[in-house]
Amino acid sequence: IVRYKTLANPQLPEIERYLKYLSFFFVGWCLIWATRTFQCSYVDSGQMAPIIPKDGMIYYDTRGRFPDAPKLERQKTLLYYHQMIQVGMAFQRRFVGRLIGLPGDKVALEKGKLKLNGQIIGEEYVRDPGFFRDDFPEITVPRDHFFLMGDYRADSGGDSRALGPISAHSVLGI
């Protein structure tokens, strides 16, 4: 690019300087947006094995957080946290689970089969479908909560069977 002042446009270098600052601002904004939108997390539970291995790292999209959470669809995989207390100390533990029930849904687990609103749901993604820890009585998912379960149903320590419905505010990303 040839840069020179002409009689027709004596302010050309000044405009180029502003465009350069604007481009640096735009690139910086894009980097900040990308680092706030796409993040990674360590997952220490095996409830989504073999899709997400125990002690694995996952990348997630934070745009699924509340207040956008009501727009989520069933069968999505979500990263969420749960406040836990151990030896007098409170901490947040992160879990990954599949979205089974939305607010207002009735969810139950009977004889190894998932019932959603009274109908048995096929789950081709479940590992070891014949082995389930326990049946789960029917509950209605409260407003602003979700019912989440891991694909490896033998490990229910971090899903809604053990923790209850998960608050939409606890969803970290998709």
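Refer to the preceding data block for the structure.
All values reported here derive from a predicted model rather than from experimental measurement.

Cut-offs and rules
Residues numbered from 1 in each chain as written. Predicted model: local features only at pLDDT ≥ 70, side-chain atom pairs only at ≥ 80, totals over all residues. Heavy atoms only, no water. Helix = DSSP H or I, 4+ residues; strand = E, 2+ residues; numbered from the N terminus. Contact = heavy atoms within 4.5 Å. Areas by Shrake-Rupley, 256 points an atom, 1.4 Å probe, with all protein chains shown as cover. Phe/Tyr/Trp six-rings, centres within 6.5 Å; stacked < 30°, edge-to-face > 60°. Lys NZ or Arg CZ within 6 Å of the ring centre and 35° of its normal. Pairing = 2+ DSSP bridges. Axes fitted to C-alpha atoms, helices over the stretch in contact; angles between N-to-C directions. Patch = residues over 30% accessible without salt bridge, like charges linked within 9 Å, V, L, I, M, F, W, Y side chains within 5 Å. Salt bridge = Lys/Arg side-chain N within 4 Å of Asp/Glu carboxyl O. Buried < 20%, exposed > 50% of the residue type's maximum accessible area, 1.4 Å probe, protein only. Polar contact = N/O pair within 3.5 Å; in protein donor to acceptor, adjacent residues only side chain to side chain.

What follows deals with the overall build of the protein. Secondary structure summary: the protein contains two helices and eleven strands in total. Tracing the protein from N to C terminus, the helices and strands come up as α-β-β-β-β-β-β-β-β-β-α-β-β. Summarising the internal contacts of the protein: among those between residues at least 6 apart in sequence, 57% fall at separations of at least 24. Summed over all atoms, the accessible surface of the protein reaches about 11,100 Å², with 58% contributed by carbon and sulfur.

Another aspect to go through is the packing of aromatic side chains. Tallied over the entire structure, the rule returns two aromatic pairs. Above the ring of Y18, the side-chain terminus of R17 is found at 5.2 Å from the ring centroid.

In this section: the sheet that holds strand β6 (residues 113-116). Ordered by their spatial adjacency, four strands build an open sheet running β7-β6-β5-β8, and the pairing between neighbours is antiparallel. Either end of the sheet is taken by a strand with one partner, and the two such strands are β7 (119-121) and β8 (136-140). The average angle at which neighbouring strand axes cross in this sheet is 25°, direction not considered. In terms of strand pairing, strand β5 (residues 106-110) meets β8 through three bridges, oriented antiparallel. In the strand pairing of β8, L109 is matched with F136.

Turning next to a nonpolar patch on the surface. Residues I15, L19, L22, F25, F26, V27, W29, L31, W33 and F38 make up a contiguous nonpolar surface patch of roughly 1,100 Å² in combined accessible area. For the nonpolar patch, the leading source of residues is helix α1 (residues 12-37), giving nine residues. Locating W33 in the fold gives a position in helix α1. W33 gets classed as partly exposed once you look at its relative accessible area, which sits at 40%.

Let us now look at the pattern of salt bridges. Tallying each qualifying case throughout the model produces four salt bridges. Salt-bridge contacts for R161 lead to D159; the nearest nitrogen and oxygen are separated by 2.8 Å. Owing to a relative accessible area of 14%, R161 belongs among the buried residues under this scheme. For D159, a relative accessible area of 0% gives the class buried.

Bringing unusual backbone geometry into the picture now. Only a minority of non-glycine residues have a phi that is not negative, and only a minority of peptide bonds are not trans. Residue N117 is not a glycine yet carries a positive backbone phi of 55°. When you line up the elements, N117 lands in the loop between β6 and β7. Phi at D144 is positive, roughly 60°, even though this residue is not glycine. Take D144: it is sitting in the loop between β8 and β9 (145-149).

With that settled, consider the side chain of R98. When you line up the elements, R98 lands in strand β4 (residues 89-101). Residue classification places R98 among the buried residues on the basis of a relative accessible area of 9%. Among the polar contacts listed, one links the side chain of R98 to the backbone oxygen of Q75, at a separation of 2.9 Å. Looking at R98, its side chain comes within polar contact range of the side chain of D151, at 2.7 Å. Apart from residues no more than four positions distant in its own chain, R98 is found in contact with M48, I51, Q75, K76, T77, Y125, F147, L148, M149 and D151.

Here we take up the environment of I51. Tracing the sequence through the fold places I51 in the loop between β1 (38-43) and β2 (56-61). The spatial distance from the C-alpha of I51 to the C-alpha of Y125 is 9.2 Å, given a sequence separation of 74 residues. Excluding its chain neighbours within four sequence positions, the residues that come into contact with I51 are R98 and D151.

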